[in-house]
Amino acid sequence: KGGKKKMKFGFAVAGLSDVDADGFTDVAVGAPFYTKGQSTEGRVLVFLGQGGNPGDTADWKEDGNAVGHNLGHDVSDGGDVDGDGFAELIVGAPSHDSPDFSPWYDLGNKAARVTVWFGSPSGPGESLFFVGGNTYAEDFAAAVAGGGDFDGDGRADVAVGWENAGEYDDKSSLGRIVVLDSADVAPDVASPRLRRLDDSAPVVAGGLAKGGGFRARLDARNPFGAAPVAIEVEVKPVGVPFDGVATVVGPFVDVASAPVPIEAIVDGLPDGAWRWRARPRFATHLVPWAAPGVWRSPPFNGSTRPHVRTGPPFCADLAASFAYGAGKAGGAGVPVLASEPIPRLGEDVVLTVANGTSGLAPSLLVGVAAASVPFDGGTLHVAPAWVVPLPAFPADGSLAVPLSIPVDQALCGESVFFQVLFVDPAAGGALKTAQSNGLAWTIGI
């Protein structure tokens, strides 16, 4: 229960991946009309998981501390933005005025704020805020979401809804989504990431590392001055906890105070699904008191989530196409995304979209990882690497998008994920987006 009248406790609720990294998921609750020292300043509360139902008393809370701030209008799991193994908390305050602050990152004229609280062993800890919007009517940060890893740098990014963007300038109120890159949110931390053994391409989260191994990379610096640093990597099968045993240490590299990419090669893994983490190690013969650095993991660091897969490159029997997840209705119903025939090398495949709204132009999200991120009353099903504009829906509300799959053995066994999204005035949610189901491909031969 909220404990105060009209505080709107539960106006926004989100499950958190694990903000204190104790193995239990947590819950964030927004109460945007909470009033104590300031009228409708708002409050956000976090209840930490304990192996059962959360307790009646919040383990952490934060107030808006400004009149009409409405902190907690929306709350979201941020994933692991800074790569330290703790999930972050994202909170929107669409009515906050920040004239007296000099924020690190400015998105507009300070009419609203989105705040990222970084996870720690005790729960949400240090925070960083971003301001934007020109007037309260623009509703910047009315919706926030952990956006998955949009750019493949190994860390989660942040998506912010700007419902009435343009209201101040040209009265268009077209709406906008702002993506905050993890490098903007946490610019000075390591970025654990993988590349193929031959260094020809990155390996995306959950993707296939061909050849039974990968190159693990970490941006590291030496806080003790110019001295060698190496990367230590631990790899475990999905479901097996990390224990610091049987690690791989790469070659030592001379670095100074500025972060430098260093790597270690992990090879000889059997076919399977794996989790991994990495940390810097310092040359103890030069700096005897230097303990190893902090372990860093990819985003969404849960024990059941594979970070990488290994397996044979031959994929004759792996070709598949299937729909997953639910869509969100627009004016013509829930858009349905499908494809025919099964995706294989050299095949001409047609993506079809049904139940679109005539005259509206959708966008096709294309990515190499699936996602399940709450967004505008629906779900983003793709961690997109590309956004492809499509023609407007004709009168019958259906589109056909032809695609040709090249004859390229490097694509064999790769997975591709699709979703269609478009703004529809008849759709629900703050941003009025209609959303299709997700569509997953595994490319065969």
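On a predicted model such as this, the values are computed, not experimentally measured, just so you know.

### Some details on the overall build of the chain
When helices and strands are tallied, the chain shows 1 helix and 31 strands. Residues counted as buried form 51% of the 445 residues belonging to the chain. Contacts spanning at least 24 positions in sequence make up 63% of the contacts within the chain whose residues lie at least 6 apart. Just so you have it, the chain exposes about 19,300 Å², and 55% of that area is on carbon and sulfur atoms.

### Quick word on the confidence of the model for the chain
Predicted coordinates in regions of low pLDDT should not be interpreted in detail. Looking at the chain as a whole, its pLDDT mean stands at 80, while 78% of the residues score no less than 70. In this model residues 98-110 is a low-confidence stretch, pLDDT under 50, and it forms 39 contacts with partners more than four residues away in sequence or in other chains.

### Looking at the sheet that holds strand β1 (residues 12-16)
Strands sit in the order β1-β2-β3-β4 across an open sheet of 4 strands; the sheet is antiparallel. Because the sheet does not close on itself, it has two edges, and the strands there are β1 and β4 (60-63). If you compare each strand with its neighbour and ignore which way they point, the axes differ by 15° on average. For strand β3 (residues 43-47) and β4, the ladder comprises 4 bridges, and the chain directions are antiparallel. If you follow R43 over to β4, its bridge partner there is D63.

### Structural notes on the nonpolar core
Soluble globular proteins tend to pack their nonpolar side chains together in the buried interior. Ranked by size, the top nonpolar core spans 21 residues in total, and within it F214, I231, V233 and V235 carry the most contacts. When contributions to this core are tallied by element, the ones reaching two or more residues are β16 (214-220), β17 (227-237), β20 (260-266) and β21 (272-282). Aside from chain neighbours lying at most four places away, what touches V233 is A216, T247, V248, A264, V266, W276, R277 and A278. One finds F393, I405, F418 and W441 within the second-largest nonpolar core, a separate group that totals 20 residues.

### Focus on the packing of aromatic side chains
Overall, the coordinates contain 7 aromatic pairs when judged by the stated rule. A ring pair is formed by F214 and W276, whose centres lie 6.3 Å apart and whose planes are at 50°; its orientation type is tilted. With F214 in strand β16 and W276 in strand β21, this residue pair connects regions lying 62 residues apart in the sequence. Grouping residues by exposure puts F214 and W276 together as buried. Between F418 and W441, the aromatic rings sit 4.8 Å apart at their centres with planes inclined by 65°, giving edge-to-face as the arrangement. Taken together, the residues F418 in strand β29 (residues 415-423) and W441 in strand β31 (residues 438-442) connect sequence positions 23 residues apart. Note on accessibility: F418 and W441 belong to one class, buried. Each member of the aromatic cluster is reached from another via a ring pair, and the members are F322, Y324 and F417.

### Description of the pattern of salt bridges
A complete count under the given rule lists 12 salt bridges for this structure. A salt bridge links R281 to E232, with the nearest nitrogen and oxygen atoms 2.9 Å apart. One end of the pair, R281, is in strand β21; the other, E232, is in strand β17, and 49 residues separate them in sequence. Classification of E232 by relative accessible area gives buried; the value is 4%. Note that E234 is salt-bridged to K236, the shortest N-O span being 2.9 Å.

### Some points on the sheet that holds strand β24 (residues 336-340)
Reading across from one edge, β24-β25-β28 is the order of the 3 strands in this open sheet, with antiparallel pairing throughout. A strand with exactly one partner marks an edge of an open sheet, and here the two such strands are β24 and β28 (399-404). Direction aside, the axes of adjacent strands within the sheet are offset by 20° on average. Relative to strand β25 (residues 348-354), β24 is paired through 5 bridges, and the arrangement is antiparallel. From the neighbouring strand, L337 faces β25, where its bridge partner is V353.

### What to know about the environment of L337
Within the secondary structure layout, L337 lies in strand β24. A relative accessible area of 3% places L337 in the buried class. Separated by 102 residues in the primary sequence, L337 and L439 place their C-alpha atoms 6.7 Å from one another. With residues near it in sequence (within four places) discarded, L337 still touches T352, V353, F418, Q419, V420, S436, N437 and L439.

### Considering the side chain of R215
Following the sequence through the fold, R215 ends up in strand β16. Given the relative accessible area of 17%, R215 is considered buried. A polar atom in the side chain of R215 sits 2.4 Å from the side chain of E263. Not counting residues up to four positions away in its chain, the partners in contact with R215 are R193, L194, R195, R196, L197, D199, E263, A264 and I265.

Criteria and thresholds
Residues numbered from 1 in each chain as written. Predicted model: local features only at pLDDT ≥ 70, side-chain atom pairs only at ≥ 80, totals over all residues. Heavy atoms only, no water. Helix = DSSP H or I, 4+ residues; strand = E, 2+ residues; numbered from the N terminus. Buried < 20%, exposed > 50% of the residue type's maximum accessible area, 1.4 Å probe, protein only. Contact = heavy atoms within 4.5 Å. Areas by Shrake-Rupley, 256 points an atom, 1.4 Å probe, with all protein chains shown as cover. pLDDT = per-residue confidence, 0-100. Pairing = 2+ DSSP bridges. Axes fitted to C-alpha atoms, helices over the stretch in contact; angles between N-to-C directions. Core = buried A, V, L, I, M, F, W, Y, C linked by side-chain atoms within 4.5 Å. Phe/Tyr/Trp six-rings, centres within 6.5 Å; stacked < 30°, edge-to-face > 60°. Salt bridge = Lys/Arg side-chain N within 4 Å of Asp/Glu carboxyl O. Polar contact = N/O pair within 3.5 Å; in protein donor to acceptor, adjacent residues only side chain to side chain.

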